[in-house]
Amino acid sequence: MVELKLGLKGTITTTVGDSDLASALGSGDVPVLGTPRMIALAEAATVAAVAGCLEEGRTSVGTHVDMRHLAPSPKGRSVTAMAELTAIDGKLLTFRIEVHDGDRLVGDGIVERAIVNRERFIG
């Protein structure tokens, strides 16, 4: 198991497809990456950042998202969400997020996750 520590990073890359579009997600009527999908990519990057770092039986769950969607990414573009663990406060983890479309910053913000006991959380 890798030690849970500040500076851990996770990255998720996807190509914007039909199901990722604002027009498909109900978050607008334009054929560009929808904000809900951008947030889901950001959360996936946070999960990747701490993969292999949590004790057996533990997982993390999202508790707070504060994201800005700065520019459109049309269908076919490659989009990368990067998360860096910037704070650990007991069981609360805070991540800085950047989302890039090529060399353009298209989103940024903060995602917080809490470490929980998997069985108790779902039970």
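Read on for a plain summary of the structure. (Residues numbered from 1 in each chain as written. Predicted model: local features only at pLDDT ≥ 70, side-chain atom pairs only at ≥ 80, totals over all residues. Heavy atoms only, no water.)

Among the secondary structure elements, Ser73 is positioned in the loop between strand S2 (58-69) and strand S3 (78-89). Look at Ser73 and you get buried, because its relative accessible area is 0%. At 3.0 Å, the side chain of Ser73 and the side chain of Asp101 are in polar contact. Those residues in contact with Ser73 that lie beyond four places of it in its chain are Val16, Val32, Leu33, Val79, Asp101, Arg104 and Val106. (Helix = DSSP H or I, 4+ residues; strand = E, 2+ residues; numbered from the N terminus. Buried < 20%, exposed > 50% of the residue type's maximum accessible area, 1.4 Å probe, protein only. Polar contact = N/O pair within 3.5 Å; in protein donor to acceptor, adjacent residues only side chain to side chain. Contact = heavy atoms within 4.5 Å.)

With that out of the way, let us pick up the pattern of salt bridges. Applying the stated rule across the entire model yields 8 salt bridges. The salt bridge involving Arg113 is made with Glu43; its shortest N-O contact spans 3.3 Å. In this pair, Arg113 is assigned in strand S5 (residues 104-117) and Glu43 in helix H2 (residues 35-50), connecting sequence segments 70 residues apart. The exposure class of Arg113 is buried, given its relative accessible area of 7%. Arg77 is the partner of Asp101 in a salt bridge, and the nearest nitrogen-oxygen pair spans 2.4 Å. Taken together, the residues Asp101 in strand S4 (residues 92-101) and Arg77 in the loop between S2 and S3 connect sequence positions 24 residues apart. The exposure class of Arg77 is partly exposed, given its relative accessible area of 37%. (Salt bridge = Lys/Arg side-chain N within 4 Å of Asp/Glu carboxyl O.)

Glancing now at the nonpolar core. Formed by 25 residues in total, the largest nonpolar core has its most connected members in Met67, Val79, Leu93, Phe95, Ile97 and Val99. Setting aside residues no more than four positions away along its own chain, Val99 makes contact with Met38, Met67, Val79, Thr80, Ala81, Arg104, Leu105, Val106 and Gly107. (Core = buried A, V, L, I, M, F, W, Y, C linked by side-chain atoms within 4.5 Å.)

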